[in-house]
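# Close look at the chain arrangement
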Amino acid sequence: MSYNKNFIPNFEIEVPSISKKQRHQYEQAGLNLDRYYLNYINYSVLQNPFRKFPYFSATNIDGSQFIEKLDRKDDFDKDDRIPLSHQFGKELYSAYHSDFDRGHMTKREDTQWGTGPSVAKEAADSTFYYTNAVPQHARLNRSIWRRIENYILHTQGVKHKKKLIVFTGPILNQNDPVFVTRIDGDEVKIPRIFWKVIYYLNKNNDLSRVAFITNQSNLLLNNGIVEPTMEITRSTDGEDDYFLDFKDADTYQTGVHVIETLTGFSFQKATDVYEDDRIVRLILEEVNYRSSGEDESDTGDITNLKL
């Protein structure tokens, strides 16, 4: 089953709604928006055919059915349900100076659950489509971004046997920097900023939501991949809410309204356990990941996070 809006009992959580301007792009190009909403196993993706990256992925996580240590698939494929020219593939990720990973939006392990190992493996393998990938510098993808993902899945989902809904995506900004290598003669803008919005039930069974944001601008620029070109307050006392103990939360955790401002999307209303009143520009400066020159491969221990 693909993304299920009724996954969390007693609540209906629709996927983010893109703006009228974004919808109009499809209409102007004579494209059917619904065709670009792609269903996979335990998740779905809305593809942006103009940037050839996903707008977002929408994922159901069932921590009570998570199955560990399965063999993994490593080869990505294009999805032939939409034109191959509307998605980047090997032509981007194997190009000269493509010093970045094929960063999963829906994490492989997030879908790795089901009634048995074969079901879980099929779901995990279904995340290896280019429609679910965006270029991410390895030092982001394999360190802070992975720590955020593992925190959501293992510390919150699996440990508490919770059902979670996770929306993930890049911010596709017109001012994104240009990749130093042309692809088929065309400029490619590389997204700098990534976000996650998570829905879950707190201990009072109230629907809550929280957001994370991270930024790879410095990594892209400092590594020659692209051409050169506020106080935080919380809206809850935090006595029984999840997601408020992430290491360096003041840097990477933010209010959902910030994601809405940056993306133009509208998210399902829920209790915001964390609000950020600072202006967007300063938030983005603060979350810009700074390379320390050390190996920061993921250990699963967020207490070792270095910035």
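What counts, and at which threshold
Sequence order as written defines residue numbering, which begins from 1 separately in each chain. For this predicted model, a pLDDT threshold of at least 70 governs which residues receive local features, and a threshold of 80 or more governs which side-chain atom pairs are given and counted, while totals over whole chains, interfaces and linings are taken from all residues. Heavy atoms throughout the structure, all of them, feed into the side-chain values; hydrogens and water do not. Here, a salt bridge means any Lys or Arg side-chain nitrogen found within 4 Å of an Asp or Glu carboxyl oxygen. Only DSSP runs of H or I with at least four residues qualify as helices, and only runs of E with at least two residues qualify as strands; both kinds are numbered from the N terminus onward. For the exposure calls, accessible area comes from a 1.4 Å probe over protein chains only, and a residue counts as buried if that area is under 20% of its type's maximum, exposed if over 50%, partly exposed in between. Here, a strand pair is defined by DSSP locating no fewer than two bridges between the strands. Whether two residues touch is decided by their heavy atoms; if any such pair falls within 4.5 Å, the residues are in contact. A residue's pLDDT is simply how confident the predictor is in it, with values from 0 to 100.

### Some points on the pattern of salt bridges
- With the rule as written, the count across this model stands at 15 salt bridges.
- For the salt bridge of E227 with R182, the shortest nitrogen-to-oxygen distance reads 3.1 Å. Remark: R182 occurs in the loop between β6 (163-170) and β7 (193-201) and E227 occurs in the loop between α5 (217-222) and α6 (249-252); sequence separation between them is 45 residues.
- In this structure E227 comes out as partly exposed when scored by relative accessible area, which is 26%.
- With a relative accessible area of 35%, R182 lands in the partly exposed category.

### Quick notes on the pairing of strand β5 (residues 133-136)
- Alternating residues of β5 divide into A133 and P135 and V134 and Q136, and every residue in both groups is buried.
- Bridge analysis of strand β4 (residues 101-104) against β5 gives four bridges, and the strand direction is antiparallel. Each bridged residue has a counterpart across the sheet, and for D101 the counterpart in β5 is Q136.

### Quick notes on the side chain of T214
- In this structure, T214 sits in strand β8 (residues 207-215).
- Not counting chain neighbours up to four residues away, the residues in contact with T214 comprise L140, I144, W145, R192, I193, F194, Y252 and V287.

### Section: the confidence of the model for the chain
- On average, residues of the chain carry a pLDDT of 86, and 84% of them reach 70 or more.
- A low-confidence stretch, residues 230-240 (pLDDT under 50), is modelled with 36 contacts involving residues beyond four sequence positions or located in other chains.
- Contacts from residues 292-307, a stretch scored under 50 in pLDDT, to residues over four places away or in other chains number 36 contacts.

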